[in-house]
Amino acid sequence: MTLNPLEHNAQNLSSLGAELVFTQDILGHYHSFYWRSSRDSMPSQDGDSPPLSIDDLTKIKLFPIQKQTYLECIERVLTRKIPKQCHYIFSDENYSFPFNLIISPIILSNGEAKLVLVMGNSVKKEEISLIPDGLSNNYPESYQKLLINISRKIRRTLDLETIWQQTVDSIGLGLKVNRCLIIVPSYDTDFLEIKAEYCDPRYNSLLGFRFNFHDYEEVKKAILFRQPTTINLDGGTSSQALSVLLVPTFYQQEFNSIICLHQCDHQRQWNESELELVQELGDQVGTAIAQGTIYQKLEQANAEAKEASRLKSEFLASTSHELRTPLNGILGFLKLVLDDMADDIKEEREFIDQAYHSALHLLNLINDILDIAKIEAGKLEFNLDSISLNSICEEIYKFAHNQAQKKNIYFKINLPSTYDEILLQADYQRLLQVMLNLVGNSIKFTHEGGIEITAEIIFKKFSVLDISVPGMVKINVADTGIGVSLDKQEKLFETFYQVDGSRTKAYGGTGLGLAISKRLIEAMGGKISFYSMGESLGSTVTLTVPLSQLPILKTEK
């Protein structure tokens, strides 16, 4: 409707041809009114009632007997912006008048609907008995009870799966369909998935079936027009359905599910009462699903917060131990030197050397803690420049070679054979820090076999940090150490996470190395990943770093 109700007086409304014409807002306040009453329309009243004009609005006493359900009907019409035909009995304090009504939303130029236009004709004496007692929403009392029953059930719980299952079970039994489904969108894809099902045992179950909604025009239509959509089939599909009713559900304009009804044993014509029922249920279910989803997210967030708190507590406990160990070493060896406990200059030098290495270890631990704090605060600075991978590997070799020899394991570095150095676009100190972390972990957790670093040039242009680079270098740090079970690998790069807290005591470490390495590599435009075949099967960390220029490879003759 595009009529402006404020411009319509009683004479204009009378031209619409109905006995009763008025406009109302969501609270039931009249904004314009016309009523042409007659003897036929008033079984208990003699004479005609003069038309009421817009100036007499405060004197109008004509209201529906079931006012609350009538106002709910107006609210639905304004919300859905879809006209509705229904029956209501009105009263003017002395007499009752049954009417057939059409309630239509008045849609303004901005798309809003704040008023309804109601047009009605009275029901004649001989037709009054045909209107069911208490009929307010144009469907039988049994459907009213079904609606109330389902609404109560789904409001008793915030568990999403329970809401889904109670909905399909109640609708399936109440409307005597062969199958009732709840279909829920996957928010990361264009797929929909059947999450709950009521199914007659004579027919196939569709529970868990996933499909792309772009492949089904009827589904897209139901979602787009936000109203029930009926489909008649020949029964040759995998669903075995002959008649289908799709009812999309929404919460605050956001689509959150489809209630899908299948009749498989005969072609079914869904009547107006059933369509009205399922649409009303759709509103209730949409709200319940939204509340259940919010509750589920809150529970998940609460569980994650508790886990983060536990990991931080575990981290602090292990870190306090890690910090005390090198500090005690420093103090102990220096005390021996100060007390002249060394037998000779060589032993004194050895004490000082041990104190120095303990101090370096302590410094690395403190740097890790400070780095993660800076990273989380977004204050870590980088100096991206053209640096030599060959120089990085030389530093790594000096660090790792002696440690590997002491553990009787091998350590190898294999770089591509090139005529010039492999130049990377990165921060030298940060990349060195990452490599030291990775190699240090490999040495720590490897007892036999060894560690090997390999590099591969990727000759392909990439856009990294809004800069075009000529290629990437992929660096693998592989070891034959204790490995990691498959189910725990994806969490290795999380802050404070350690595969097994008991390993902190056995091997040492804060659990920050991989978390820091991931953030540093990503900040320089690279990527890092971890892979292990399982416990005791070794592990491989792979990182990619942008090249500043392509090296010239040597070719074998």
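None of these values were measured; they are calculated from a predicted model. (Residues numbered from 1 in each chain as written. Predicted model: local features only at pLDDT ≥ 70, side-chain atom pairs only at ≥ 80, totals over all residues. Heavy atoms only, no water.)

Across its full length, the chain holds 11 helices and 21 strands. Residues classed as buried in the chain amount to 45% of the 557 residues present. The long-range fraction of contacts in the chain, counting pairs at least 24 apart against all pairs at least 6 apart in sequence, stands at 64%. Per element, the accessible surface of the chain, about 30,500 Å² overall, is 51% carbon and sulfur. (Helix = DSSP H or I, 4+ residues; strand = E, 2+ residues; numbered from the N terminus. Buried < 20%, exposed > 50% of the residue type's maximum accessible area, 1.4 Å probe, protein only. Contact = heavy atoms within 4.5 Å. Areas by Shrake-Rupley, 256 points an atom, 1.4 Å probe, with all protein chains shown as cover.)

Right, let's talk about the sheet that holds strand β9 (residues 210-212) for a bit. Sheet strands line up and pair through hydrogen bonds in the backbone, either parallel or antiparallel. Pairing within the open sheet is antiparallel, and its 6 strands lie in the order β9-β8-β7-β12-β11-β10. Looking at strand neighbours, the two that pair on one side only are β9 and β10 (229-232), the edges of this open sheet. Each adjacent strand pair in this sheet contributes to an overall mean axis angle of 25°, direction not counted. As judged from the 9 bridges shared by strand β11 (residues 243-251) and strand β12 (residues 254-263), these two strands associate in the antiparallel manner. Counted as the bridge partner of Ser243 is Gln263 from β12. Against the sheet, helix α4 (residues 160-174) touches β7 (179-185), β8 (191-199) and β12, its axis set at about 55° to β8. Relative to the sheet, helix α5 (residues 217-225) contacts β8, β9, β10, β11 and β12, its axis offset from that of β11 by approximately 40°. (Pairing = 2+ DSSP bridges. Axes fitted to C-alpha atoms, helices over the stretch in contact; angles between N-to-C directions.)

The next subject is the state of the cysteines. Scanning all chains against the criterion turns up 0 disulfides. With no disulfide partner, Cys180 has as its closest neighbouring cysteine sulfur the one in Cys260, 7.8 Å distant. (Disulfide = S-S within 2.5 Å.)

In this section: the pattern of salt bridges. Any two side chains of opposite charge can pair if their charged atoms end up close together. Across all of its chains, the model carries 14 salt bridges by this definition. Of the charged contacts, one joins Glu274 and Arg268 as a salt bridge, the two residues approaching to 2.8 Å between their closest N and O atoms. Exposure remark for Glu274: the relative accessible area of 6% places this residue in the buried category. For Arg268, a relative accessible area of 11% gives the class buried. Glu522 is paired through a salt bridge with Lys518; the nearest N and O atoms lie 2.8 Å apart. Taken together, the residues span about one helical turn, with Glu522 and Lys518 both in helix α11 (residues 513-523) at a distance of 4 residues. (Salt bridge = Lys/Arg side-chain N within 4 Å of Asp/Glu carboxyl O.)

Before going further, it helps to examine the side chain of Asp25. Note that Asp25 resides in strand β1 (residues 20-25). Of the polar contacts made by the side chain of Asp25, one reaches the backbone nitrogen of His29; its length is 3.0 Å. (Polar contact = N/O pair within 3.5 Å; in protein donor to acceptor, adjacent residues only side chain to side chain.)

Quick look at the environment of Leu281 now. Within the element layout of this structure, Leu281 appears in helix α6 (residues 272-338). Between the C-alpha atoms of Leu281 and Leu147, which are 134 residues apart in sequence, the distance is 6.6 Å. Dropping the residues within four chain positions of it, Leu281 is found in contact with Leu147, Ile150 and Ile171.

Attention now moves to the nonpolar core. With 45 residues, the main nonpolar core has Leu424, Leu431, Val473 and Leu543 as its most contacted residues. Top contributing element to this core by residue count: helix α9 (residues 428-444), with 7 residues. Not counting the four nearest positions on each side in its chain, Leu424 is found in contact with Asp385, Ser386, Ile387, Leu389, Leu431, Val473, Val545, Pro546, Leu547 and Ser548. With 28 residues, the next largest nonpolar core counts Tyr143, Val168, Ile171 and Ala288 among its residues. (Core = buried A, V, L, I, M, F, W, Y, C linked by side-chain atoms within 4.5 Å.)

Moving on to helix α8 (residues 389-406). The terminal C-alpha atoms of α8 lie 26 Å apart, and with 18 residues this matches the ideal 26 Å at 1.5 Å per residue to within 8%. Most pronounced at Ala400, the bend in α8 amounts to some 30°. Buried residues along α8 sit against β13 (385-388), β14 (410-414), β15 (423-426), α9, β16 (450-458) and β19 (472-479). With a side-chain oxygen lying 3.2 Å from the backbone nitrogen of Asn390, the N-terminal cap of α8 falls on Ser388. Looking at the residues trailing α8, positive phi occurs at Asn408, about 60°. (Expected span 1.5 Å × (residues − 1). Bend = angle between axes of the 7 residues up to and from the residue.)

This part is about the packing of aromatic side chains. Ring pairs (aromatic) are described by centroid distance and by the angle formed between their planes. In the structure shown here, the tally under the stated rule is 14 aromatic pairs. With centroids separated by 5.1 Å and ring planes inclined at 85°, the aromatic side chains of Phe22 and Tyr30 adopt a geometry described as edge-to-face. A relative accessible area of 11% places Tyr30 in the buried class. Look at Phe90 and Phe99: their rings are 5.7 Å apart centre to centre, the planes differ by 85°, and that puts the pair in the edge-to-face class. (Phe/Tyr/Trp six-rings, centres within 6.5 Å; stacked < 30°, edge-to-face > 60°.)

Moving on to the packing of helix α7 (residues 345-377) against α11. Running from amino to carboxyl end, α7 crosses α11 at an angle of 45°, the nearest separation of the two axes being 10 Å. On the basis of the axis angle, α7 is oblique to α11. By crossing handedness, the relation of α7 to α11 is classed as left-handed. Of the residues in α11, those touching α7 at Asp368, Asp371, Ile372 and Ile375 are Ala515, Ile516, Arg519 and Leu520. Class assignment for the residues of the contact of α7 with α11 results in 5 nonpolar, no polar and 3 charged. (Parallel < 35°, antiparallel > 145°, perpendicular 65-115°, else oblique. Left-handed = near helix turned anticlockwise from the far one by under 90°. Nonpolar A, V, L, I, M, F, W, Y, C, P; charged D, E, K, R; others polar.)

If you check α9, its first and last C-alpha atoms are 24 Å apart, about what 17 residues at 1.5 Å a residue would give, namely 24 Å. Regarding α9, the residues found buried are Arg430, Leu431, Leu432, Gln433, Val434, Met435, Asn437, Leu438, Val439, Ser442 and Ile443. Where α9 begins, one side-chain oxygen reaches toward the backbone nitrogen of Gln429, 3.1 Å away; that side chain belongs to Asp427.

Attention now goes to a nonpolar patch on the surface. Side chains of Leu486, Tyr531, Met533 and Leu537 sit close together on the surface and give an oily, nonpolar patch of about 470 Å² of accessible area. For Tyr531, the position within the fold is in strand β20 (residues 527-531). For Tyr531, a relative accessible area of 47% corresponds to the partly exposed category. (Patch = residues over 30% accessible without salt bridge, like charges linked within 9 Å, V, L, I, M, F, W, Y side chains within 5 Å.)

Next up on the list: the pairing of β12. For β12, the tally of buried residues reaches 9 of 10 residues, placing the bulk of the element in the interior. Pairing of β7 with β12, which is carried by 5 bridges, proceeds in the antiparallel orientation. Considered in β12, the bridge of Leu181 is made with Cys260. The hairpin formed by β11 and β12 contains 2 residues between the paired strands, and Gln252 there has a positive phi angle of roughly 50°.

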